[in-house]
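Listed below, chain by chain, are the residues.
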Amino acid sequence: LLLPIIHVPLIVRMPDGTGSGERIKGIVQPVDTFSTIMDFLNLPTVQGGHGQSFLPLLQENCIESREFGLSGCVNRVAHFTNQQWGYTCFQKGPSWKPAMLFNLENDPTQQSNIIDQEPELADVLYQKFIDYLHKIQAPSEQIKKYVPY
């Protein structure tokens, strides 16, 4: 599943109408929802979670706080994306495929895999992806299964 299929717009209504009718660009993930609600209620976040509040995006229209978003299917495929790049990495196994790289600004429907033309960029994104998995404390046995290409 590529970004055009898995991208889900997030619609938020603030009680005071903040941001009403606006489209705010930013990278948020479902895991950020709980942190945002806790932030809105001025309650402490749960220790060990990796969600980030997106309340500053809503209230201040600030620069996005998340460099990349991560989505995918456990034990199979991961999509690591920002506004410009989409990097898709598969775990080794019976359904393994080589990694893919897309320039989302030029190819928003992800039709042209450019990983062969941009191997250095693919390496950088792969390393950022692996670093992010370590940061969120993904199981090391799962991380080892992701191979660059």
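My aim in this report is to walk through the structure given alongside it, one point at a time. (Residues numbered from 1 in each chain as written. Predicted model: local features only at pLDDT ≥ 70, side-chain atom pairs only at ≥ 80, totals over all residues. Heavy atoms only, no water.)

1. Here we look at the pairing of strand β4 (residues 100-103)
Judged by which residues are buried, β4 turns out to be covered on both faces: Met100 and Phe102 on one side and Leu101 and Asn103 on the other are all buried. Here strand β3 (residues 85-90) pairs with β4 via 4 bridges, running antiparallel. Bridge pairing in β4 places Gly86 opposite Phe102. (Buried < 20%, exposed > 50% of the residue type's maximum accessible area, 1.4 Å probe, protein only. Helix = DSSP H or I, 4+ residues; strand = E, 2+ residues; numbered from the N terminus. Pairing = 2+ DSSP bridges.)

2. A word on the packing of aromatic side chains
Each pair of aromatic rings is reported with the distance of its centres and the angle of its planes. Summed over the entire model, instances satisfying the criterion amount to 4 aromatic pairs. With centroids separated by 6.0 Å and ring planes inclined at 45 degrees, the aromatic side chains of Phe80 and Tyr132 adopt a geometry described as tilted. With a gap of 52 residues between them, Phe80 in strand β2 (residues 77-81) and Tyr132 in helix α4 (residues 119-135) connect regions that are remote in the sequence. Across this residue pair, the class does not change: Phe80 and Tyr132 are buried. (Phe/Tyr/Trp six-rings, centres within 6.5 Å; stacked < 30°, edge-to-face > 60°.)

3. Re the pattern of salt bridges
In the structure shown here, the tally under the stated rule is 1 salt bridge. Note that Lys128 is salt-bridged to Glu67, the shortest N-O span being 2.8 Å. Note that Lys128 is positioned in helix α4 and Glu67 in the loop between α3 (55-60) and β1 (69-73), a separation of 61 residues in sequence. Accessibility expressed as a relative area gives 32% for Lys128, which makes it partly exposed. (Salt bridge = Lys/Arg side-chain N within 4 Å of Asp/Glu carboxyl O.)

4. Looking at the environment of Gly51
Relative to the assigned elements, Gly51 resides in the loop between α2 (32-40) and α3. Taking the C-alpha atoms as reference, Gly51 lies 7.4 Å from Thr33; in sequence the two are 18 residues apart.

5. Describing the environment of Lys145
Looking at the element boundaries, Lys145 is found in the segment after α5 (140-143). With near-sequence residues (within four places) excluded, Lys145 lies in contact with Phe90, Gln91 and Lys92. (Contact = heavy atoms within 4.5 Å.)

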